[in-house]
Structure formats: C-alpha cells, structure tokens
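What follows is each chain in one-letter form.
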Amino acid sequence: MKYEDGKIVKGCVTGIESYGIFMSFDEYYTGLIHISEISNGFVRNINDFVDIGETIKARIIDVDHKNFQLKLTIKDIDYRIASKKKEKIHETGTGFYLLGENLKKWISQKSEK
C-alpha cells in the first residue's frame, strides 16, 4: 500500500485551523496533523510552523483507507522540504542601454521581412 503507519510522506498544506493542519496528498487522500502532533513543546500559533500551499513531510500515525484519511505527525522529523534559494539578479551596469541602442534597428529589420 502507498500509505502505511510509520511511513513518511510529502503533502501540501491546504488549511490551518486552531486545532491542526489539513493536508492533501493525491486526488483521494487527505490528512490532519492535530495540534498535539506538531511539536513536543507548547504550540501557541500553528502558523509559526507551516504556510498554506507549502509542501512538507509528515509521518503517518494511522490510515483510514475506507475514508481516504491520514492521521499525521511532524514531531521528531525534519518536516521542511529544502527549496532552492532565490538568488538576486545582478545588474550589469548597462541597464537598458543595449535595448535602447538596438531597438530601432531590430524594428526596421523585422518590418523589412
């Protein structure tokens, strides 16, 4: 089976309520991370842990195959999925100079064809 107790799965955070995090895994299965399964410490604000639309990892505690629902935990696992860091685009110093210098030439070449 694709979903089994103890397995770590990736899913998308679809909702955040005061009592837990809702997740989606495929066109059938959804899951809930109850607030008690987010951290070993006190959870004041669930939004400090995840964002809606974020893809995270979670461990399956229980599977209800009849209703396609998973009970999940992110305690004691590295649930964040590393993403590529966005690099700042470095300017060349010429800015739009080349565009301005060549625009008329490019337009005339295109209109001649």
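Data block above holds the structure.
Residues numbered from 1 in each chain as written. Predicted model: local features only at pLDDT ≥ 70, side-chain atom pairs only at ≥ 80, totals over all residues. Heavy atoms only, no water.

A.B. asks: Just give me the short version of helix α1 (residues 97–112), but keep the residues and values in it.
C.D. replies: A rise of 1.5 Å per residue sets the reference length of α1, with its 16 residues, at 22 Å; its end C-alpha atoms lie 24 Å apart and thus fit the reference within 8%. The axis of α1 is deflected most strongly, by about 45 degrees, at L103. (Helix = DSSP H or I, 4+ residues; strand = E, 2+ residues; numbered from the N terminus. Expected span 1.5 Å × (residues − 1). Bend = angle between axes of the 7 residues up to and from the residue.)

A.B. asks: Lay out the environment of D51 with the relevant residues and their values.
C.D. replies: The topology assignment puts D51 in the loop between β3 (30–34) and β4 (55–64). Counting along the chain gives 30 residues from D51 to I21, while the straight-line C-alpha distance between them is 9.5 Å. Those residues in contact with D51 that lie beyond four places of it in its chain are V13 and I16. (Contact = heavy atoms within 4.5 Å.)

A.B. asks: Quick rundown of the sheet that holds strand β2 (residues 20–24)? Include the residues and the values.
C.D. replies: Taken in spatial order, the five strands line up as β1-β2-β3-β5-β4 and close into a barrel, and their pairing is mixed. When the angles between neighbouring strand axes are averaged without regard to direction, this sheet yields 50 degrees. With five bridges connecting them, β2 and β3 associate as antiparallel partners. Residue I21 lies in a different strand from β3, and its bridge partner there is I33. (Pairing = 2+ DSSP bridges. Axes fitted to C-alpha atoms, helices over the stretch in contact; angles between N-to-C directions.)

A.B. asks: If you had to explain the environment of K7 to someone new, which residues and values would you point to?
C.D. replies: Mapping K7 onto the fold places it in the segment before β1 (8–17). Accessibility expressed as a relative area gives 34% for K7, which makes it partly exposed. Considered as a pair, K7 and L72 are 65 residues apart in the sequence and their alpha carbons are 9.9 Å apart. Within the local environment of K7, its side chain forms a polar contact with the backbone oxygen of K2, the two atoms lying 2.8 Å apart. (Buried < 20%, exposed > 50% of the residue type's maximum accessible area, 1.4 Å probe, protein only. Polar contact = N/O pair within 3.5 Å; in protein donor to acceptor, adjacent residues only side chain to side chain.)

Honestly, it's all geometry; don't read function into it.
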